[in-house]
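Below are the chains, spelled out letter by letter.
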Amino acid sequence: MEKSTYKYASASEALKHLTDSGYTVDFNIEFDALSVEAADYEIDYLYRYEGMTDPADESSVYGIRNIHNGKKGVFVAGDLSLIEGKKRDIILDLELRYRNKQ
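Quantities reported herein were computed from a predicted structural model and do not represent experimental measurements.

**Q** When you look at the pattern of salt bridges in this model, what are you seeing that I'm missing?
**A** A side chain with one charge can pair with a side chain of the opposite charge if their charged atoms come near. This model, assessed by the stated rule, comprises 8 salt bridges. For E42, the salt bridge goes to K101, with nearest N and O atoms at 2.7 Å. Placement of the pair is E42 in strand β2 (residues 41–50) and K101 in helix α3 (residues 85–101), with a sequence separation of 59 residues. Counted as one network, the salt bridges with shared partners bring together E42, D44, R65 and K101.

**Q** For this particular structure, what's the right way to read the packing of aromatic side chains?
**A** For any two aromatic rings, the description comes down to two numbers: the centre-to-centre distance and the angle of the planes. This structure, assessed with the given rule, holds 5 aromatic pairs. When the ring of Y23 is compared with that of Y45, the centres are 5.8 Å apart and the planes differ by 85 degrees; the resulting orientation is edge-to-face. Highlighted residues: Y23 in the loop between α1 (11–20) and β1 (25–26) and Y45 in strand β2, separated in sequence by 22 residues. Measuring from centroid to centroid gives 5.7 Å for F31 and F75, while their planes differ by 55 degrees, and the two rings are tilted. One end of the pair, F31, is in helix α2 (residues 31–36); the other, F75, is in strand β4 (residues 72–77), and 44 residues separate them in sequence. We note that F31, like F75, is buried. Three or more aromatic residues joined by ring pairs make a cluster, and in this case those are Y23, Y45 and Y47.

**Q** It is not clear to me how the sheet that holds strand β3 (residues 58–66) should be interpreted in this structure. Could you clarify?
**A** Ordered in space as β1-β4-β3-β2, the 4 strands form an open sheet in which the pairing is mixed. Of all strands in the sheet, those bounded by a partner on one side alone are β1 and β2. In the sheet, β1 pairs with β4 via 2 bridges, with the strands oriented parallel. Across the sheet, residue V25 finds its bridge partner in β4, namely G73. The strands touched by α3 are β2, β3 and β4; relative to β2, the strand with the most contacts, the crossing angle is about 100 degrees.

**Q** Got a minute to help me understand the nonpolar core in this structure?
**A** One recurring pattern in soluble globular proteins is that nonpolar side chains are buried together. Core analysis: the largest hydrophobic core is formed by 18 residues, its most contacted members being L34, Y62, I64, F75, I91 and L94. Counting residues per element, the ones that place at least two in this core are α2, β2, β3, β4 and α3. No other element matches the 4 residues that α3 contributes to this core. Residues in contact with I64, not counting those within four places in the same chain, are Y23, F27, L34, Y41, E42, I43, K71, K72, G73, F75, I91 and L94.

About the thresholds
Residues numbered from 1 in each chain as written. Predicted model: local features only at pLDDT ≥ 70, side-chain atom pairs only at ≥ 80, totals over all residues. Heavy atoms only, no water. Salt bridge = Lys/Arg side-chain N within 4 Å of Asp/Glu carboxyl O. Helix = DSSP H or I, 4+ residues; strand = E, 2+ residues; numbered from the N terminus. Phe/Tyr/Trp six-rings, centres within 6.5 Å; stacked < 30°, edge-to-face > 60°. Buried < 20%, exposed > 50% of the residue type's maximum accessible area, 1.4 Å probe, protein only. Pairing = 2+ DSSP bridges. Contact = heavy atoms within 4.5 Å. Axes fitted to C-alpha atoms, helices over the stretch in contact; angles between N-to-C directions. Core = buried A, V, L, I, M, F, W, Y, C linked by side-chain atoms within 4.5 Å.

Shown next, in the form of structure tokens:
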């Protein structure tokens, strides 16, 4: 597992780094594969951003990889509490596993 060692000024810079590193699948659009095989995925990178004027204006950028076939992609979320149930649960589970490996 790669560790996130870089701090980017914005979510768009983090996304560019991840894309350049082969994280090309947009899991915001193609979430079904991740949803069906969630246990096969793990987070390699996690970046969090807060808005300059409103801390509630937050976003998280996830670099996610399938541990069996190497498929890599990104997932971008604002406030996780606003994401629908199953999708939120999967991302939170991946994040918990990521934090336990740190």
